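Observations on the three-dimensional arrangement
If you want the building blocks of each chain, they are given just below.
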Amino acid sequence: MEKAVKRYFPIFVLPTLLAFIIGFIAPFFTGIYLSFCKFTTINDAKWTGLDNYIKIWSDKTFGHAFWYTAAFTVVTVILINVLAFAAALALTKKIRGTNLFRTVFFMPNLIGGIILGYIWNLLLNGVLQMYSRTLTYSSVYGFWGLVILMLWQQIGYMMIIYIAGIQNIPTDLIEAARIDGADNKQLLKNVIIPMVMPSITICTFLTLTNGFKLFDQNLALTNGEPSNMSEMLALNIYNTFYGRTGWEGAGQAKAVIFFILVAVIALTQNHLTSRKEVQA
Amino acid sequence: MKTKTKRKGAGLTVFFSVLSLLWVYPIFLVIENSFKKKVYISKKPFAWPSGKMFTGLSNYATGIQKTGFVQAFGWTLFITVCSVAVIILCTSMCAWYLNRVHNKVTRAIYLLCLFSMIVPFQMVMFPLSKIANMMKLYTPWGLIVIYLGFGAGLAVFMFSGFIKSIPLEIEEAAMIDGCSPLQTFFYVVFPIMKPTAITIAILETMWIWNDYLLPYLILDIKKYKTVSIAIQYLRGGYGSIDMGAMMGVLVLAVIPIIVFYLICQKYIIKGVVAGAVKG
């Protein structure tokens, strides 16, 4: 059968492969090459070695964006997962209206980041106005504003995944633990959490990468103001490319560092939590 | 004992009901403000649009006119539907081939697809926009090609996961009965993959419909806008936003999504769960 299929490479694989080369492979390798060059477009690139990477050190906004993003990611990963898990636990108990609550909490996920940003811009500025402040008054407001926005957007999504995980636990396992005299706390710690470990792996992975890669919401909510202080990594890279002339090379070098960061975080996280997964 | 748990359940229901109301409040607030005059939106965002604050539908009219919202909506719909259809068709065929023909090339393509999933967009952003420009892909049709390329990783990965579970005997039987590989794929394999295809279609739709940066960098903005681009366009110069037009456009952008969601929420939630488990 393999032989018969093999000849069909042009029909089955080629369209995807060509698009994949245009959309990913070519830009990716060009990007790595360009990070070692001085350029304004692709055609005028001149090799300059590590100049771009050295130049980043003189740019304080990048370091600030890194710590801002790291802090944001830690806060959102913890809050989103804890709250989503708690909500999932409550909604898997047979209470009235579970389906309705699930529908409502999940809804913000379908709304795009730009739209979300402006919705919360209105609401948060309205609240802050009572204390005669605005979102862009200091980066602290921008930070917590963005945290609230992300909680609103992502808790529903993660909750759905946790609910599926909890519902997959065989009921006899829980009954057995009950008969053995486990109280609620023990049941949660020794049965439920180990059994939903795969969901925890997925949700921490998603919240981690979503936090690190956040762009649209950041752009629409504060646009990095006041003076780049609420700027996250993705927006910082974008502004380096398109907001400063002569910094294209440094922007690409930042992008390479950003890629390595995201890749390392994703792989380590996956390795760490998937080790803790158990079989029933 | 029993009454105690029952009361607890009722308490939870009340708690979550209040929380649900809070959850939809931001959207309600935007709708409320879309009927207010511009000046009152930032001054009194929480006031009910009554009396001299009320402007009827004028915010919607200026919003639509300023952003070209109708065209933007049409283009977004066109780009999303076509991209998702192309992604499903091409990547399912590709994934099947990669799993049925084993050699170094197919292995390499598969690994590159996996690899592409952890690469953030900013890494390829600049070269991609230049390459797309050189190849004249700055139209919605060109954008579809880019979406196929950039969305291929996840889709190939998810289809592959499912194809590995299909017993080979079914396809061999079809081939012995005289099906060509194309017929085998479309009459036998693709129908089995339908649930996976729906999951992928949902995930890709959610991504493409809401995507801002990729279309913004690729498309010729003067001619083509998507909904997200049109909204961001209202920001204009530094800090000056026409809040009235903004509210109108936000409502117009959100309502279709909510209606769509309420109609197919069963599939969407199922798709998200299935996608998460495989991803």
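These numbers were taken from a predicted model, which means no experiment stands behind them. (Residues numbered from 1 in each chain as written. Chains lettered and ligands numbered in written order. Predicted model: local features only at pLDDT ≥ 70, side-chain atom pairs only at ≥ 80, totals over all residues.)

**Focus on the overall build of chain A**
Counting secondary structure elements, chain A contains 14 helices and two strands. Principal-axis analysis of the C-alpha atoms gives chain A an extent of 75 × 75 × 30 Å. (Helix = DSSP H or I, 4+ residues; strand = E, 2+ residues; numbered from the N terminus.)

**Some remarks on the overall build of chain B**
Each helix and strand in chain B was counted, giving twelve helices and zero strands. Secondary structure elements of chain B occur, N-terminal to C-terminal, as α-α-α-α-α-α-α-α-α-α-α-α. By the compact-globule yardstick of 19 Å for 279 residues, chain B is too spread out, its C-alpha radius of gyration being 24 Å. Put simply, chain B has 279 residues, and 44% of those count as buried. The long-range fraction of contacts in chain B, counting pairs at least 24 apart against all pairs at least 6 apart in sequence, stands at 73%. (Rg over C-alpha atoms; globule rule 2.2 N^0.38 Å. Buried ≥ 20, exposed ≤ 12 C-beta atoms within 10 Å, placed from the backbone. Contact = placed C-beta atoms within 7 Å.)

**Here's the deal with the interface of chain A and chain B**
Interfaces are often described in size by the accessible area the parts lose on coming together. The partner chain B presents 70 residues to the 73 residues of chain A that form the contact. Top contributing element to the side of chain A that touches chain B by residue count: helix H3 (residues 14-34) of chain A, with 15 residues. Class assignment for the residues of the side of chain A that touches chain B results in 54 nonpolar, twelve polar and seven charged. (Nonpolar A, V, L, I, M, F, W, Y, C, P; charged D, E, K, R; others polar.)

**Description of the packing of helix H7 (residues 113-129) of chain A against helix H8 (residues 139-167) of chain A**
What describes two packed helices is the angle between their axes and the distance between those same axes. Residue and element names in this part refer to chain A. Across the interface, H7 lies against H8 with an axial gap of 10 Å and an inter-helix angle of 125°. By the angle between their directions, the pair H7 and H8 is classed as oblique. As H7 runs across H8, the sense of the crossing is right-handed. The segment H7 lies against H8, with Leu116, Trp120, Leu124 and Leu128 engaging Tyr141, Gly145, Leu149 and Gln153. Grouping the constituent residues of the contact of H7 with H8 by class yields six nonpolar, two polar and no charged. (Axes fitted to C-alpha atoms, helices over the stretch in contact; angles between N-to-C directions. Parallel < 35°, antiparallel > 145°, perpendicular 65-115°, else oblique. Left-handed = near helix turned anticlockwise from the far one by under 90°.)

**Notes on unusual backbone geometry**
Within the chain, B:Lys136 stands out as a residue other than glycine whose phi angle is a positive 55°. Tracing the backbone shows B:Lys136 in the loop between helix H6 (121-134) and helix H7 (140-163).

**Thoughts on the domain arrangement of chain A**
Residue and element names in this part refer to chain A. Along its sequence, chain A is carved into domain 1 (2-52) and domain 2 (60-275). Taking only C-alpha atoms into account, the centre of domain 1 sits 31 Å from that of domain 2. Contacts between the two partners involve nine residues from domain 1, matched on the other side by seven residues from domain 2. When contributions to the side of domain 1 that touches domain 2 are tallied by element, the ones reaching two or more residues are H3 and strand S1 (37-38). The element best represented in the side of domain 1 that touches domain 2 is H3, accounting for three residues. Considering only residue class, the side of domain 1 that touches domain 2 consists of four nonpolar, four polar and one charged. (Domains from an automatic or database assignment.)

**Thoughts on the packing of helix H4 (residues 69-100) of chain B against H7(B)**
Residue and element names in this part refer to chain B. Two elements in contact, H4 and H7, have axes separated by 6 Å at closest approach and are oriented at 40°. What the angle tells us is that H4 and H7 run oblique. Where H4 crosses over H7, the two elements pack in a sense that is right-handed.

**Remarks on the nonpolar core**
With 152 residues, the main nonpolar core has A:Ala84, A:Ile115, A:Ile119, A:Met159, A:Tyr162 and B:Leu250 as its most contacted residues. When residues are assigned to domains, this core turns out to be shared by domain 1 (2-52) and domain 2 (60-275) of chain A, each giving three or more. (Core = buried A, V, L, I, M, F, W, Y, C linked by C-beta atoms within 7 Å.)

**Things to note about the confidence of the model for chain B**
Residues and elements named next belong to chain B. Taken as a whole, chain B shows an average pLDDT of 87; of its residues, 95% reach a score of 70 or greater. Here helix H2 (residues 38-43) stands out as the least confident element of chain B, with mean pLDDT 78; H4 is the most confident, with 94. Both scores are given for the predicted complex: the pTM is 0.88, the ipTM 0.86. (pLDDT = per-residue confidence, 0-100.)

**Description of the environment of B:Ile88**
All names here are of chain B. With respect to the helices and strands, Ile88 occurs in helix H4. By C-beta crowding, Ile88 is classed as buried, having 21 other C-beta atoms within 10 Å. Placed 67 residues apart in sequence, Ile88 and Ala155 show a C-alpha to C-alpha distance of 7.6 Å. Setting aside chain neighbours within four positions, we find Ile88 in contact with Ala197, Ile200 and Ala201.

**Structural notes on the environment of B:Val273**
Structurally, B:Val273 can be placed in helix H12 (residues 243-278). Classification of B:Val273 by C-beta neighbours within 10 Å gives partly exposed; the count is 18. Discounting chain neighbours no more than four positions away, the residues touching B:Val273 are A:Ile160, A:Ile161 and A:Ala164.

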